[in-house]
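# Secondary and tertiary structure notes
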Amino acid sequence: MWPAFAFILGLVVGSFLNVVIHRLPKGESIVFPPSRCPACGHRLAPKDLVPVLSYLALRGRCRYCAHPISPRYPLVEALTGLLFTLAAFFYPPSPQAFLTFAFLALLVALSFIDLDTYELPDSLTYGLLFLGLLSAYLLSFPRPFSQALDGSLLAAGGLGLVAGYGAFFLRRFREGRAEVPVGPHQVHMAALFGALLGPGVGMALAFLTWALSGRTGRPVVLPDRITLPLLPLAWILAPYLGADLLSTLKGSLLSAGGLALAGGFYWALRPQEGGGEEEEPVAMGYGDVKLLGALGAWLGPYSLLALFLGVLAGAFVGLAFRQRKVPFGPYLALGGVVTFFFGEALWRAYLGWLGL
Ligand SMILES: [Zn+2]
């Protein structure tokens, strides 16, 4: 009974996700107005909106104008239904099961919006992040709060630095424009300070430069051509300076992740001004950084496995279909879902294969 209920709930939620995927990027209301045919504008009746079945009954055409309906609508519904069913096999009826449904639904919406627009809306990435942290805090689900917080910061910090180095190489080592009051520069500084002074002090110093930039209206930052080359040097030299490599690395990533997620949140809340200002001019786009940070809140340290699986799947599809521009969000989401259900088993199998 429970898996069947989960499947039907998934179909219904999937039908709602279609509306979210369609309307959220345009800034339209998700609740109102009621659904209409995008071709003829005829208002859709409840009998037209039964997940999957309406599409099959109408043979993929609008009842009113016979315009073909995109097969993506039933696909999103069926996918959500199947994912919810999978979750139902892992969790009995419980708050944990419904939190898992929310995790999956948010990832489906994010994936298809990224496919359509190459963007990951902040409302959904930060929704995923905060829901994961809240669930960890209240229920220690899916993992304890300290692991959720560390996982989220490590993941966002790690991918934020990859994006930083990527942009630095693409610009051929020329200095990027520093954002006021906060941008990738602070993330790179936080990583360096975090390596030298630990995550707490590192983050505090970087936040201080954010505050100073905001106060003065000018970027108060160290240039990337200083922070980015010094950072690996700090990691390499750590063992010779009496620190251990792992805690130095962790200090960098935690600190950078704190700045990346807090900075991203600042820009998400800031009212948009006429599109004059470029938000985050980095090679990979901080959307992926925020998404991986959000996955970290659910996966803890296994978020690195999700990243690895995402890169693998993205590279495979990119090569197989010779696509030039591949949105990374759907692959990260796929890696996240696989890791959520099978991460520990995969990891144990891998260690077993290595003979450990
Ligand atoms: Zn129509």
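In this text, all values refer to a predicted model and were calculated from it rather than measured experimentally. (Residues numbered from 1 in each chain as written. Predicted model: local features only at pLDDT ≥ 70, side-chain atom pairs only at ≥ 80, totals over all residues. Heavy atoms only, no water.)

What follows covers the overall build of the protein. Counting its regular elements, the protein contains 13 helices and zero strands. N-terminal to C-terminal, the α/β element order of the protein is α-α-α-α-α-α-α-α-α-α-α-α-α. The globule rule puts the C-alpha radius of gyration for 356 residues at 21 Å, and the 22 Å found for the protein is close to it. When the backbone C-alpha atoms are referred to their principal axes, the protein occupies close to 70 × 55 × 40 Å. (Helix = DSSP H or I, 4+ residues; strand = E, 2+ residues; numbered from the N terminus. Rg over C-alpha atoms; globule rule 2.2 N^0.38 Å.)

Before going further, it helps to examine the environment of Asp114. The residue Asp114 is located in helix α4 (residues 95-117) in this model. For Asp114, a relative accessible area of 3% corresponds to the buried category. Counting along the chain gives 41 residues from Asp114 to Tyr73, while the straight-line C-alpha distance between them is 16 Å. Not counting the four nearest positions on each side in its chain, Asp114 is found in contact with Glu119, Leu120, Pro327, Phe328, Gly329 and Pro330. In this structure the side chain of Asp114 is engaged in a polar contact, spanning 3.3 Å, whose partner is the backbone nitrogen of Glu119. (Buried < 20%, exposed > 50% of the residue type's maximum accessible area, 1.4 Å probe, protein only. Contact = heavy atoms within 4.5 Å. Polar contact = N/O pair within 3.5 Å; in protein donor to acceptor, adjacent residues only side chain to side chain.)

Turning our eyes to something else, we now look at empty space enclosed by the protein. Per the stated rule, a full pass over the model turns up one cavity of 30 Å³ or more. Computed from the structure, the largest cavity encloses a volume of approximately 60 Å³. As for the largest cavity, its lining consists of eleven residues, and the residues nearest its centre are Gly183, Gly263, Gly264, Trp267 and Tyr286. Going through the elements one at a time, α7 (184-197) and α10 (245-269) are the ones with two or more residues in the lining of the largest cavity. Per element, the largest residue contribution to the lining of the largest cavity is five residues, and it comes from α10. Here the lining of the largest cavity is composed, by residue class, of seven nonpolar, three polar and one charged. (1 Å grid on protein atoms, 1.4 Å probe; cavity = no way out; pocket = protein on both sides within 12 Å on 5 of 7 lines; lining within 4 Å. Points joined across faces, edges and corners; volume = space filled by probe spheres on them. Nonpolar A, V, L, I, M, F, W, Y, C, P; charged D, E, K, R; others polar.)

In this structure, the second largest pocket spans a volume of roughly 710 Å³. Lining the second largest pocket are 33 residues, and of these Ser35, Arg36, Pro38, Leu44 and Tyr73 lie nearest its centre. Broken down by secondary-structure element, the contributors of at least two residues to the lining of the second largest pocket are α1 (2-23), α2 (53-57) and α3 (72-90). At five residues, the largest contribution of residues to the lining of the second largest pocket is made by α1. Class assignment of the residues belonging to the lining of the second largest pocket gives a composition of 18 nonpolar, eight polar and seven charged.

Domain annotation for the protein reports domain 1 (2-90) and domain 2 (146-297). Inter-centroid distance (C-alpha atoms) of domain 1 to domain 2 is 39 Å. (Domains from an automatic or database assignment.)

For the rest of this paragraph, the subject is the coordination of the zinc ion. Each pair of donors in an ideal octahedron of six around a metal sits at 90 or 180 degrees, and each pair in an ideal tetrahedron of four sits at 109.5 degrees. Donor atoms from the polypeptide that bind the zinc ion are Cys37 (SG), Cys40 (SG), Cys62 (SG) and Cys65 (SG), placed at 2.3 Å. For the zinc ion, the four donor atoms in the first shell make angles of 103 to 119 degrees at the metal, so the coordination geometry reads as tetrahedral. The motif formed by the donor residues of the zinc ion, counted along the single chain, is C-x2-C-x21-C-x2-C. Of the two residues, Cys40 sits in the loop between α1 and α2 while Cys65 sits in the loop between α2 and α3, which places them 25 residues apart along the sequence. (Donors = N, O, S within 2.8 Å, 3.2 Å for Na, K, Ca; no water. Tetrahedral: all angles 85-135°; square planar, octahedral: opposite > 155°, others 65-115°.)

Take the packing of aromatic side chains next. A complete count under the given rule lists 25 aromatic pairs for this structure. Pairwise contacts between aromatic rings join Phe90, Tyr91, Phe103, Phe141, Trp298, Phe340, Phe341 and Phe342 into one cluster. (Phe/Tyr/Trp six-rings, centres within 6.5 Å; stacked < 30°, edge-to-face > 60°.)

We now examine the nonpolar core. Counting 82 residues, the largest nonpolar core has Leu107 and Leu128 as the members making the most contacts within it. Counting residues per element, this core draws most heavily on α4, at 13 residues. The residue makeup of this core includes at least three contributed by each of domain 1 (2-90) and domain 2 (146-297). Setting aside its immediate chain neighbours within four residues, Leu128 contacts Phe103, Leu106, Leu107, Leu110, Leu291, Ala294 and Trp298. (Core = buried A, V, L, I, M, F, W, Y, C linked by side-chain atoms within 4.5 Å.)

This part is about α3. Over its 19 residues, α3 extends 27 Å from the first C-alpha to the last, a length consistent with the 27 Å expected when each residue adds 1.5 Å. Burial in α3 covers these residues: Pro74, Val76, Glu77, Thr80, Gly81, Leu83, Phe84, Thr85, Ala87 and Ala88. On its buried side, α3 packs onto α1, α2, α4 and α13 (329-354). (Expected span 1.5 Å × (residues − 1).)

On to unusual backbone geometry, then. A cis amide bond links Phe32 to the next residue, Pro33, at an omega of 0 degrees. With respect to the helices, strands and loops of the structure, Pro33 is situated in the loop between α1 and α2. Of note, the bond from Val180 into Pro181 is cis; its omega dihedral lies within 30 degrees of zero at 0 degrees. Mapping Pro181 onto the fold places it in the loop between α6 (145-170) and α7. If you check the backbone angles, Ala66 has positive phi at about 65 degrees while not being a glycine. Mapped onto the elements, Ala66 comes out in the loop between α2 and α3. Ala66 sits in the partly exposed class, given a relative accessible area of 40%. Although it is not a glycine, Phe173 sits at a positive phi angle of roughly 70 degrees. Among the structural elements, Phe173 can be located in the loop between α6 and α7. Taking the relative accessible area as the measure of exposure, Phe173 reaches 46% and is therefore partly exposed.

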